[in-house]
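Tertiary structure, described
Chain by chain, the residues:
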Amino acid sequence: MTSENSSERVVVRLDGVRKEYGQSVALDGVSMEIRTGEAVAVMGPSGCGKSTLLNMVAGLDRPTAGTINIHGDDLGGMNETGLALFRRRRIGMVFQFFNLLDDLTALDNVALAGQLTGTSARQARKRALELLDELGVADRRNDYPATLSGGQRQRVAVARALMNKPSLLLADEPTGALDRQSGEQVMNLLLDLNRIGQTLLVVTHDPRLAERCATRLVEFEDGRIAREKVLERTA
Amino acid sequence: MSAVWKAARSAVRRRRLQTVVIALVVLLSTATMVIAMGLLDSASRPFDRAFDKQRGAHAVAAFDLDKVSADQVSATARRSGVEAHAGPFDQTSVSLAPGSVSFLPGPLTVVGRGEAGGSVDRVHVWNGRWATKPGEIVVNQTPPFSGGAPFPLGGKVVTPQGTKLTIVGYAYTMSRTADAWVTPEQMKALHPTARQMMYRFSSASTEADVAQGIGQATAGLPKGSLVATQSYLTIKKDVASGPGVYVPFLMVFGVLGVIVAVMIVANVISGAVVSGFRHIGVLKSLGFTPRQVVGVYLLMVSLPAVLGCALGAVGGVLATDPLLTSAFQGTGMDLSGVAVSWWVPVAALVGMPLLVVLAAALPALRAHRLSAAEAISAGSAPHRGRALWIQRRLGGSSLPRSVSLGLGLPFARPARTAMTLVAVLLGVTTATFATGLASTVNEFGKAGDHTSGAQLIVQPGQPQFGETAPKLDDPQTEKVLRSLKGTESVTVDVHVPVSITSSKKVVAEFWRGDTSARDFRDQIVKGHWIEGPGQVAASTAFLRDRGLQIGDRLTMEVGGKPARVTVVASLMSQRDLLYADWRALSALDVDVTKLNSRFQYLVQVSPGTNIAQYTDAVRAADPGLYARPNSDSSTFEASVISLSVVLTLMLVTVAGLGVFNTVVLNTRERRRDLATLQSLGMTPRQVIGMTVTSMAAVGAIGGVLGLPLGVLAHRAIMPIAGEAAKVDLPARMLDVWHAPVLLLLGLAGITIAVLGAFFPARSTTRMATAEALRSE
C-alpha cells in the first residue's frame, strides 16, 4: 500500500492547539490533520515548537488549549493511565538519542514493548526477533546497546517502535545523532515503512530526510504553521 | 569564601532531600549513643556524690562483744591505711512486737549512737530530729518520692520485752549501717550483741583495697571476733543496677543506629559521586584539583552531619536526665545537678562527624581518581549494569514485565543495594530486638509485681497514716470479699518478717485462697514449685546475697517458732523475699496478726464488673478496707518500653529513609529509562509497581536476615541486662517469639522498603517525561 492509494481516514487531528510554558508560547493555535499512510515531516528552527507538537500527539504532554484527536479519541479526556494505554496501542516512538534501556539486550529492548501489552515473553521475543531480522540487526540481538553502533541502535529503536504495530510512528530527529551513512540507512528504513502503509510524523532539522521520506512538509515558525507543501519523494 | 565551600554549599542546596536524610540519620544515632554513654557514665555518680557528702564508710565491721573489748576495737582505727573512723557503737537486733508501726518489716538492726554527724557516716536526718534520750528511736528510711505516703513521727517501735521506743526522726545513710538508731544509754538497755566500727581508708577504689584495709585494721584481733563486714562497693553496685539495666540495650540501639547512619551516608555520597560524574568533570575542567573535588563532596556531607550531630547530642543529653530520675527514684539520693559529663556530648560531636566523613571518604575518592574528560563522558555514555544475566532471565519469565524489571533493578547497582539491604536489615533487627525487649520487660514487670493477676488490691486501713482501722478480722474480710457481687477470686497474702539462722532477716510472703491468681510458677528460674509445707521458694536476690542454692535447708523463725524448710525454687525477683503457701504458716501455729505482719487481698472480678462500684461496695462493707485498682505497669517498664518504642521508631524511620534515598538516587539516574518506559505505554501504576518491587525484594531479604539477628541480639542482651539488674531471667521470659509475631516482624522489612520507596516512586510518574526523553 502507498500513500497514493491510501484511504482518506484521518489519523491525527489538531484543532487550535496552544501550549504555554510560563510566559513563553511553544504552540500557538496549531490546527492540522494527518491521514492514514501519510508521511509528514515537520521542520523549523530550534524552539519553533515542532518537538512540542510531537509530544502533544504522543500524549506525553497536554495542551494549554485546543483539542487533539487520534483515531477519533480525544486525548484531553484521558487520564495518565488512559494516555499510557493509548501510547501502547496506537503509537510507536523513535528518538534522536535512541532511548534504549542499557541493561537489556537488543532483543529484550524490542520485546519489552510487547510484554507491556501483556504478550507472553516467548511470543514477544519471537516477534522482536522477526523485526530485528527485517531491520537487519538480528545478529546483534543478544548484544547490549553500549556495544552497538549508532545506526544499529536506531534500528533496534525502530523495531521496538513497531513492536505493537502502531497506527502512527513518531520520530523525533531520528538521524540527528547519526553519521551520514547510518542516517541514510535510517532514512531508507522510514521510507520503506511508509511505503508499506505506516503513517509517519517526523520532526527533523534535516531537509534530506524530509525530501526523501515525507509526502508532506509542514514548516513551523514561532509556534505556528508557517507553510505547508506536498512533496514529491526523491527516492 | 573559598571555591570548595561555594561548590559544596551549592551541592547541598541541590540535594536538599539527601541533606535532610543525612542530618536526620546522624541526629537520631547520635542521640541514642549519647543516652547510652550518658547513662553508663552517670550510673554511679549520684551515689558517689551522696556517699562523699555523708563521708560514707568504705567498710563497716561488726565485732563479737564477747571476744573483743571496746578498747581493742578502738585501736583498729589507728592502724595504717585507716584515714578516718566512727565507732565503736554497740548494736543489736530488735524484733518487732504488736503495737509497732506496720511499715517496718523488722527485725531491726539497731545501733546506739550519740550523734548523726562525725567523721564517717554522717547520717542525713530528713524528718524530725536525732534521738537524744532513752525511749527515742530514729528510723532509717529513704525520703518518699513525690506522691509517696508520708512517714509519721511519734509512731512506736515495741520490742518483744515490752520496751516502747518513740520515733522522733527519719534519717538515711548511704553506708546502710543500721535500720534504726537509739542513744548509747538506750542501747545498753536493749542488750547489745555486737560492736560496730566504720572505716574510711586512704585507698579504697577496688574491692581488694577495701579487703586489704579491713585486713590491716583488724590484724591481731582474737580469732572469730570479726563477725561481719560490708564494703561500700557492694552498695554502690547495687545502687547502680537501676540505671545499669538501661545501658546494654541502649548500647544495642546506639550501635545499630551508628551502622545504619554509616551505611546511609556511604550510600548518599557514592550516589552523589556516581550521579554527579558530569558535575565532577565540570569542576575539574574549571580548575578544581582532585583534592578540592574530594573536599567538595566531604564538605557536602559534613555540613548536615555536624548539624545533625549537634542536635542529636543536645537531644541525647536532655533525654538522659528523666531516665536517670526514673532509674534512681526511691533511692533517696539528691539528683539535682546530676548531669551527663561533658565528655559524652564532646565525644559524640567529634566522633560522629568523623565517622560520617570516613564513610563518605571511600566513594569520594572515586571522584579524586576520575579525569575530567572521563567524568564528563561517563555521565552521558550508555553503560551496562551488573548481573545482566538476571535481567535476561527475568525478561523471559512469566512475571508481569513491570515486576520482572523491578526485580532486576537491585542487581544493576549491587553496592548500593547491599548498603540499602543492610539499612533495612538493621531496621528489622531493631524492630525485632525491641519487640522482644518490650515483651520480656513486660513479663519481667508482671513477675516483679506479684499482684498482677489481680484487678483490685484490698488492704486494711493503717490508723498511723490517718486511715480508718478495719472492723473485720482477716477471715471475716476474706468472707465479705467473696460474698460481694462480681468477685471471681480472692487471694489472701500476708508479709511476715522472719529470721533466718546465720543470715540476715527477710520478709516471707505466705498466701492462701485462689492461688491461681498468683502466677509464681512462671517466675521459676530453677527448681520446681512448692509441693508441701516444708518447702519454700526464694527470690534469686535472696539466694545470691546469701550464697544459697536450690536444695539448701534453712531454719526459718516466725514469731519465735523455728521451722526447717528446703529451698525448692528460685524465683525471678530483685527483692529479698521468701515465698511459701499458707500450709507452712499453719504448721507453725503462729498468730501472725500479733506479729508486725501486713495483709492484703488480691481480688479478681468477673468481666463487666464496674470497678468503681465494686470499690464502693468494699468500703460499704467495712470503711476500714481500702480497695484500689491494680496497675500492673511500673515506672521502670514504662520507661524501658516507651524508650525502646521511640528508639525503634527512630531507627526504622532511618532505615526507611535509607530506602527512600536509594530510590531517589535510582530514579534520578534512571530518569531517562523511566521516561522511555512511559513512552512505551507503561502506566503510572506499573511505574510505581516496578519501583516499589525493586525495594520490596530488598526488604524481603532484609526481613529474612534481620529477624534472626534481632532474636539473637535479644537472647544475648537480655541476660546481660538481667545481670545488671541482679536478676536471673527465667527461660520463659526469653521465649517471647510466637509465629504471628515472627511473621509480622518478617514483613517489617517489606513494609520499611515499600513505605520508603512509595513516595519517590510516585513522584517519578509526575516527572516531565518529554524533557527526560530528549536529554542526552
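Residues numbered from 1 in each chain as written. Chains lettered and ligands numbered in written order. Predicted model: local features only at pLDDT ≥ 70, side-chain atom pairs only at ≥ 80, totals over all residues. Heavy atoms only, no water.

Heads up, the condition is: UniProt positions are given in the numbering used here, feature names are shortened, and annotations may be inferred rather than shown by experiment.
As named in an unreviewed UniProt entry, chain B is Putative ABC transport system permease protein, taken from Streptomyces paradoxus. Recorded under Sequence similarities (unreviewed entry), the UniProt text for chain B is reproduced unchanged: "Belongs to the ABC-4 integral membrane protein family." Among the UniProt annotations of chain B, the heading Subcellular location (unreviewed entry) holds the following wording: "Cell membrane".

Per an unreviewed UniProt entry, chain A goes by Putative ABC transport system ATP-binding protein and derives from Streptomyces paradoxus.

**Re the overall build of chain B**
We apply this condition: Strands here mean DSSP runs of E at least two residues long; helices mean DSSP runs of H or I at least four residues long; both are numbered from the N terminus. To sort residues, take the accessible area from a 1.4 Å probe on protein chains only and compare it with the maximum for the residue type: under 20% means buried, over 50% means exposed, and anything in between is partly exposed. In what follows, a contact means two residues having at least one pair of non-hydrogen atoms within 4.5 Å. Each accessible area is a Shrake-Rupley estimate made with a 1.4 Å probe; only the visible protein chains count as cover when residues are assessed.
Across its full length, chain B holds 25 helices and 20 strands. Here chain B holds 776 residues, and the buried ones make up 54% of them. Look at the contacts in chain B between residues 6 or more apart in sequence, and 82% of them connect residues 24 or more apart. Of the accessible surface of chain B, which amounts to about 32100 Å², a share of 60% is contributed by carbon and sulfur atoms.

**So, the pattern of salt bridges**
Put simply, the rule reads: What makes a salt bridge here is a side-chain nitrogen of Lys or Arg within 4 Å of a carboxyl oxygen of Asp or Glu, nothing more.
According to the stated counting rule, one finds 29 salt bridges over all chains in the structure shown. The closest approach of N and O atoms between arginine 670 of chain B and aspartate 103 of chain A, which form a salt bridge, is 2.5 Å. In this pair, arginine 670 of chain B sits in the loop between α20 (635-669) and α21 (671-679) while aspartate 103 of chain A sits in the loop between β6 (91-94) and α3 (106-116), so the two residues belong to two different chains.

**Examining the interface of chain A and chain B**
Convention followed: Accessible area, probed at 1.4 Å, shrinks when two parts are joined; the buried area is that loss added up over both. Residue polarity is assigned by list, with Asp, Glu, Lys and Arg as charged and Ala, Val, Leu, Ile, Met, Phe, Trp, Tyr, Cys and Pro as nonpolar; anything else, Gly included, falls into the polar class.
Listed per partner, the contact involves 32 residues of chain A and 32 residues of chain B. When the buried surface of chain A facing chain B is broken down by residue, Asp102, Asp103 and Leu116 of chain A rank first, second and third, together holding 20% of it. Taken together, the connections running from chain A to chain B amount to one salt bridge. Listed by contribution, the elements that provide at least two residues to the side of chain A that touches chain B are α1 (50-58), α2 (80-90), α3, α4 (121-134) and α5 (150-162) of chain A. Of the residues assigned to the side of chain A that touches chain B, the class counts are 15 nonpolar, seven polar and ten charged.

**Some remarks on the packing of α5 of chain A against helix α6 (residues 180-195) of chain A**
Residue and element names in this part refer to chain A. What counts here: Note on method: axes are straight lines fitted to C-alpha atoms, helices fitted across the in-contact stretch only, with angles between N-to-C directions ranging 0 to 180 degrees. Under this scheme an angle from 65 to 115 degrees is roughly perpendicular, one under 35 degrees roughly parallel, and one over 145 degrees roughly antiparallel; angles in between are oblique. Note: crossing handedness is left-handed where the near helix turns anticlockwise from the far helix by less than a right angle, and right-handed where it turns clockwise.
Contact geometry of α5 with α6 gives a least axis separation of 9 Å together with a crossing angle of 20°. One way to sum up the angle between α5 and α6 is to call them roughly parallel. Classified by chirality, the crossing of α6 by α5 is right-handed. Across from Gly151, Gln154, Arg155, Val158 and Leu162 in α5, the residues of α6 making contact are Ser182, Gln185, Val186, Leu189 and Leu193. Its residues placed into classes, the contact of α5 with α6 shows five nonpolar, four polar and one charged.

**Quick word on the sheet that holds strand β9 (residues 216-221) of chain A**
Residue and element names in this part refer to chain A. Quick note on the threshold: A pair of strands is considered paired only if DSSP assigns at least 2 bridges between the two.
With respect to topology, six strands assemble into an open sheet ordered β6-β7-β8-β3-β9-β10, the strand pairing being mixed. Two strands lie at the open edges of the sheet, namely β6 and β10 (224-230), each paired on one side alone. Looking at each pair of strands side by side, their axes are set apart by 15° on average, direction ignored. Its contacts with the sheet put α1 on β3 (39-43), β6, β7 (168-172), β8 (199-203) and β9, and the angle it makes with β7 is roughly 150°.

**Focus: the side chain of histidine 714 of chain B**
Along the chain, the position of histidine 714 of chain B falls in helix α22 (residues 684-724). With relative accessibility at 0%, the residue histidine 714 of chain B sits in the buried group.

**A look at the nonpolar core**
What counts, and what does not: Residues belong to one nonpolar core when they are buried, are Ala, Val, Leu, Ile, Met, Phe, Trp, Tyr or Cys, and are joined through side-chain atoms within 4.5 Å.
Grouped together as the largest cluster of nonpolar side chains are 85 residues, with contacts concentrated most on Leu14, Leu170 and Leu201 of chain A. The element that contributes the greatest number of residues to this core is α3 of chain A, accounting for seven residues. Excluding anything up to four places from it in sequence, leucine 201 of chain A contacts Ile34, Val40, Val42, Leu54, Val57, Leu168, Leu169, Leu170 and Ala171 of chain A. By size, the runner-up hydrophobic cluster in this structure holds 39 residues, among which are Leu481, Ala563, Val590 and Phe599 of chain B.

**Overview of the pairing of strand β2 (residues 82-94) of chain B**
Residues and elements named next belong to chain B. Two strands pair when backbone bridges link them, and β2 and strand β9 (residues 194-201) are joined in this way by seven bridges, in the antiparallel orientation. For histidine 85, the partnering residue across the bridge sits in β9 and is tyrosine 199. Two elements, β2 and strand β3 (residues 108-112), share four bridges in a ladder whose sense is antiparallel. In the strand pairing of β3, glutamine 91 is matched with valine 111.

**Looking at the sheet that holds strand β4 (residues 65-70) of chain A**
Residues and elements named next belong to chain A. Read across the sheet, four strands follow the order β2-β1-β4-β5 without closing on themselves; strand pairing throughout is antiparallel. The sheet is open, and its two edges are formed by β2 (24-35) and β5 (73-74), each paired on a single side. Where strand β1 (residues 10-21) meets β4, five bridges bridge the pair, whose relative direction is antiparallel. Looking at β4, one finds that valine 12 is bridged to isoleucine 70.

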